[in-house]
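# Structural overview for review
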Amino acid sequence: MATNFDKNVYQAPAGIAGLEEDPIEFDIEDPEMLEGGVEITLEEGSEYDGDFDSNLAEVLDEGVLQSIASEITELVDADINSRKDWAETFVKGLEVLGLQYEERTQPWNGACGVYSTVLTEAAIRFQSESIMETFPAQGPVKTQIIGAITKLKEEAAERVRTDMNYRLTEQMPEYRPEHERLLYSLGLAGAAFKKVYYDPGMGREVAIFIPAEDVIVPYGASNLNSAERVTHVMRKTKNELKKLQASGFYKDIDLGDPVNILSDIEKKKAEQQGYKATDDNRYQILEVHTELDIEGLEDVDENGDPTGIALPYVVTIDCGTDEVLAIYRNWEEEDPKKLKRQHFVDYCYIPGFGFYGLGLIHIIGGYARAGTALIRQLVDAGTLSNLPGGLKSRGMRVKGDDTPIAPGEFRDVDVPSGTIKDNVMTLPYKEPSGTLLTLLNQITEEGRRLGSIGEMKVSDMSANAPVGTTLALLERQLKTMSAVQARVHNSMKQEFKLLKNIIRDYAPEEYDYDPEKGNRQAKREDYDIVEVIPVSDPNSSTMAQRIMQYQAVIQLAAQAPQIYDLPNLHRQMIEVLGVRNADKLVPTSDDQTPKDPISENMAFLNGKPTKAFIYQDHDAHIAAHQSFMQDPMIAQTIGQNPMAQKIQAAAMAHIAEHLAFNYRKKVEEQIGVPIPAPDSRLPEDVEVELSRLVAQGSAQLLQANQAQAQQQQAQQAAQDPMVQMQQQELQIKQMEAQAKAQKMQADTQIAQAKLQLETQRMQGTQEIERERIQAQDKQANQKVQVDLFKRKQ
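Now for a description of the structure that goes with this document.

About the cut-offs
Residues numbered from 1 in each chain as written. Predicted model: local features only at pLDDT ≥ 70, side-chain atom pairs only at ≥ 80, totals over all residues. Heavy atoms only, no water. Salt bridge = Lys/Arg side-chain N within 4 Å of Asp/Glu carboxyl O. Helix = DSSP H or I, 4+ residues; strand = E, 2+ residues; numbered from the N terminus. Buried < 20%, exposed > 50% of the residue type's maximum accessible area, 1.4 Å probe, protein only. Axes fitted to C-alpha atoms, helices over the stretch in contact; angles between N-to-C directions. Parallel < 35°, antiparallel > 145°, perpendicular 65-115°, else oblique. Contact = heavy atoms within 4.5 Å. Nonpolar A, V, L, I, M, F, W, Y, C, P; charged D, E, K, R; others polar. Core = buried A, V, L, I, M, F, W, Y, C linked by side-chain atoms within 4.5 Å. Polar contact = N/O pair within 3.5 Å; in protein donor to acceptor, adjacent residues only side chain to side chain. Pairing = 2+ DSSP bridges. Phe/Tyr/Trp six-rings, centres within 6.5 Å; stacked < 30°, edge-to-face > 60°. Lys NZ or Arg CZ within 6 Å of the ring centre and 35° of its normal.

Moving on: the pattern of salt bridges. One pass over the full model with this rule turns up 22 salt bridges. For the salt bridge of D214 with R235, the shortest nitrogen-to-oxygen distance reads 3.4 Å. Pair noted here: D214 is in the loop between β7 (204-211) and β8 (215-216) and R235 is in strand β9 (residues 230-236), with a separation of 21 residues, a long-range link. Exposure remark for D214: the relative accessible area of 11% places this residue in the buried category. The class for R235 is buried, based on a relative accessible area of 17%.

Dropping the structure here:
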């Protein structure tokens, strides 16, 4: 059977030849079948437990390991050769740092050996400014909430921020020194790296600084994520190596004595620090993050057939013996795509043409060399001018020979003939040239300007200049450095993400978080809902720039203070100035915790901020605050206070907060569903649907409130004394009208009775008169009958 190792050879640059690009096959005999049909060759006497995180160098055949080591070291050597020009420039730049005084013998013993400080000054200033910006005393980490902001997320963000800052400042004491070393190296070399990983020996996460020369990438790589190979050149003592072998992290083999292998950069750095490069007795180890295609461990498709795609591995090789110490898988076990895990963070000063950035050595190294030459010429010229040499006659003798004449000393001279001046001639040395001095100042100024360390001429600016004008000039002066700081900020963000993921993996599921008792560890869930970012500001590189920005905002706030959050603005200004306990000097509503209504009323009187919270009983709070404001004794006392208007405004603003939350709660009751958190970002469809529901709920709530308001108005009107008097007058008038009506009714009844009696009387009179008429008629008829009877007779 054959094991295929795909080298993933990059396109070699011109001048690099002899690199094969075809996969190399290794013949392996006597394969053994392991779990899941995976077929690899075991080394005699070794056992493979199938653990995903196991060291594959313990089980692979020795011949395969040697072939892998040979091919990888060949590729790494090619990577080193591809950056040879960059390394040579770096070495030349290290020569003019001036960390040591050069003892020169040319053009004479004791000639000036000082260096121009423009390069060192630029590196030190960049380091000093950057460390203050990126690593304040309280810690370099702040948090950013993912998604909608809630109280639970805010509490989790605070725990994560406190936890990570405590780790970086207390539990990882090496972090700040490593970061400062990185910044100094970054400024000079233009590139620097951090390696973030979990150290089982320390039992915690670490982030170590790696200089640019110790991270090797192939020619043409644009970034670490896309580089097909990333090599970390490590150095370990014999004891450190034995510890790693004893723990099983490295394969336990005898490497013999360390072989001294140093690059030109390492030699020059050792020379600048006053060390001898030959004294390094550590092993040089190559940790290569690459991609391999090993038959039996290859990637397979859904049908179980090899895909031929190389998988990410970490291969560790000893440079002295070319022995493979470890091969580990470099992807997450549950990742179906088998993407490589990233352990390195790239810091870049100025992006250039290649992978490695441009540093101060590349940018102003030439100015440093020119400045060094001019300084030495000026000093040597002054030396020759003050202590000139010359010619004298062979026969002239001076007692004391050639020792310098001290001030006030006279010596005897034997002159062969003539005067002394005729026997002595000084060489025509000139005093230090003013032209050279002007040229030196010009070169130094150009180097400082190009290195962004030039001083701003404040004296040339008017004291009455607007803040905006001053800010524009300051921004123009610091624009280059602001861009560099923004790149550092972005790299630190990536570094903190790697640290956060490691801390999250080892964080407990539950916790008893109590900072006062020293327990600051957040739980795993907290790290899932927040992001960690650097506390530095990528938009401004210096404190002066931020102060000018805030001054400009304060000037704008003076024109329209009602639209600004002035306490928060002044709070941020104090924090920018670096004053401690800014939260106590200018407390804001964001610092408040829930209080009972009485405590809030006391805060109004004392001029302290208050804040309403969404879950409080808002009706009770509003009632308590209104009673407080209507209390005559309180009103009388407040009226005599010169801050009365401010107290009343604070109370009314707080009542408005409760009123807003209460309105929200009642709308939720009307629509029957909870409303998302205030100021939360909603999808378009959700926002549209919610708006319709809220509109209906608001209309229903309006009707209910209007009915309640009318009822209250009626009740209040009923309790009004004027209304009561009017009601009494109305009742009296109603009673009078009722009495009049009753009297009129009685009069009507009497009149009706009189009318009835009169009608009855008249009816009786008419009846009598009718009876009388009838009687008369009867009498008349009788009389007529009598008369007729009489006539008949």
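There is more to say, and it comes next.
In this section: the packing of helix α5 (residues 175-189) against helix α8 (residues 360-386). At a closest axis distance of 6 Å, the pairing of α5 and α8 adopts a crossing angle of 60°. It follows from the interaxial angle that α5 and α8 lie oblique. For the pair α5 and α8, contact is made by G187, L188 and A189 and by L360, I361 and H362, respectively. Of the residues that constitute the contact of α5 with α8, the class distribution is 4 nonpolar, 2 polar and no charged.

Ranked by size, the top nonpolar core spans 65 residues in total, and within it L119, M164, Y175, F193, Y356, F496 and L499 carry the most contacts. With 9 residues, the top contributor of residues to this core is helix α11 (residues 467-505). Here L499 is in contact with M164, L168, Y175, V196, E205, V206 and A207, once residues within four sequence places are set aside. Within the second largest apolar cluster, 26 residues are counted, among which are I216, L286, I294 and I317.

It is worth spelling out the side chain of H625 at this point. Topologically, H625 is positioned in helix α17 (residues 618-630). One polar contact links H625 to E600, side chain to side chain, over a distance of 2.8 Å. The contacts of H625, once residues within four sequence positions are left out, are P597, E600, N601, F604, H654, I655 and H658.

The subject of this paragraph is the pairing of strand β6 (residues 191-199). Among the 9 residues that make up β6, 7 are buried, leaving the element largely enclosed by the rest of the structure. Bridge count for β6 against strand β13 (residues 344-348) is 5 bridges, and the pairing is antiparallel. Counted as the bridge partner of A192 is Y347 from β13. Alignment of β6 against β7, held across 8 bridges, turns out to be antiparallel. Residue pairing in the sheet places D199 in a bridge with R204 of β7. In textbook terms, the turn of a hairpin is the stretch between consecutive antiparallel strands, and for β6 and β7 this stretch comprises 4 residues, one of which, G203, has a positive phi near 75°.

Our focus in this paragraph is the packing of aromatic side chains. Counted under the stated rule, the structure contains 13 aromatic pairs. Considering the side-chain rings of F126 and Y349, the 5.1 Å spacing of their centres and the 85° angle between planes classify their relative orientation as edge-to-face. Of this pair, F126 sits in helix α3 (residues 118-134) while Y349 sits in the loop between β13 and α8; the two residues are 223 residues apart in sequence, bridging distant segments of the chain. We classify Y349 as buried; its relative accessible area is 4%. Their ring planes at 10° and their centres at 6.0 Å tell us that F193 and F355 sit as a pair that is stacked. With F193 in strand β6 and F355 in the loop between β13 and α8, the pair connects residues that are 162 residues apart, well separated along the chain. For F193, a relative accessible area of 0% corresponds to the buried category. Pairwise contacts between aromatic rings join W86, F90, F193, F355 and Y356 into one cluster. Note that K195 overlies the ring of Y197, its terminal NZ or CZ placed 5.5 Å from the centroid.

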